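Next come the chains, spelled out residue by residue.
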Amino acid sequence: MNSLERDDQPFAGDVRERGAHWVRPEVVAEIGFTEWTGDGKLRHPRYLGLRTDKPAAHVVRERPEGRKGRAGQRQR
């Protein structure tokens, strides 16, 4: 990861983690997790491995089909 290192963090808000090592988004890691929190963070994330079958530019947040949102409306 040293070759992908960057000095600045890529997020708009503050990041609480100390000693974070920021890298350019050029590799794809598969992360397992329990659920998304209400503020959009992963609950109980765990590293599952690197993906070589998908370019980083094609990664998007996946959302389950047919689940109801907070107002009882279906999410897409």
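See the structure printed just above.
Residues numbered from 1 in each chain as written. Predicted model: local features only at pLDDT ≥ 70, side-chain atom pairs only at ≥ 80, totals over all residues. Heavy atoms only, no water.

Caption draft 1: Local environment of the packing of aromatic side chains. With the rule as written, the count across this model stands at two aromatic pairs. For the ring pair Phe11 and Trp22, a centre distance of 5.6 Å and an interplane angle of 65° mean the geometry is edge-to-face. Of this pair, Phe11 sits in the segment before strand 1 (28-32) while Trp22 sits in the segment before strand 1, placing them 11 residues apart in sequence. The class for Phe11 is partly exposed, based on a relative accessible area of 49%. When the ring of Phe33 is compared with that of Trp36, the centres are 5.4 Å apart and the planes differ by 65°; the resulting orientation is edge-to-face. (Phe/Tyr/Trp six-rings, centres within 6.5 Å; stacked < 30°, edge-to-face > 60°. Helix = DSSP H or I, 4+ residues; strand = E, 2+ residues; numbered from the N terminus. Buried < 20%, exposed > 50% of the residue type's maximum accessible area, 1.4 Å probe, protein only.)

Caption draft 2: View of a nonpolar patch on the surface. Together, Met1, Val27, Ile31, Phe33, Trp36, Leu42, Tyr47 and Leu50 make up an exposed nonpolar region whose accessible area comes to about 740 Å². Structurally, the position occupied by Tyr47 is in strand 4 (residues 46-51). (Patch = residues over 30% accessible without salt bridge, like charges linked within 9 Å, V, L, I, M, F, W, Y side chains within 5 Å. Areas by Shrake-Rupley, 256 points an atom, 1.4 Å probe, with all protein chains shown as cover. Salt bridge = Lys/Arg side-chain N within 4 Å of Asp/Glu carboxyl O.)

Caption draft 3: Spotlight on the environment of Glu30. Mapped onto the elements of the fold, Glu30 is located in strand 1. In the structure, Glu30 is positioned 21 residues away from Arg51 in sequence and 6.5 Å away in space, judged by C-alpha atoms. Setting aside residues no more than four positions away along its own chain, Glu30 makes contact with Arg46, Tyr47, Leu48, Gly49 and Arg51. (Contact = heavy atoms within 4.5 Å.)

Caption draft 4: Main features of the environment of Pro45. Its place among the elements puts Pro45 in the loop between strand 3 (42-43) and strand 4. In this structure the C-alpha to C-alpha distance between Pro45 and Thr34, which are 11 residues apart in sequence, comes to 7.1 Å. With sequence-adjacent residues up to four places away left out, Pro45 is seen in contact with Ile31, Gly32 and Phe33.

As far as function goes, none of this settles anything; it's purely spatial.
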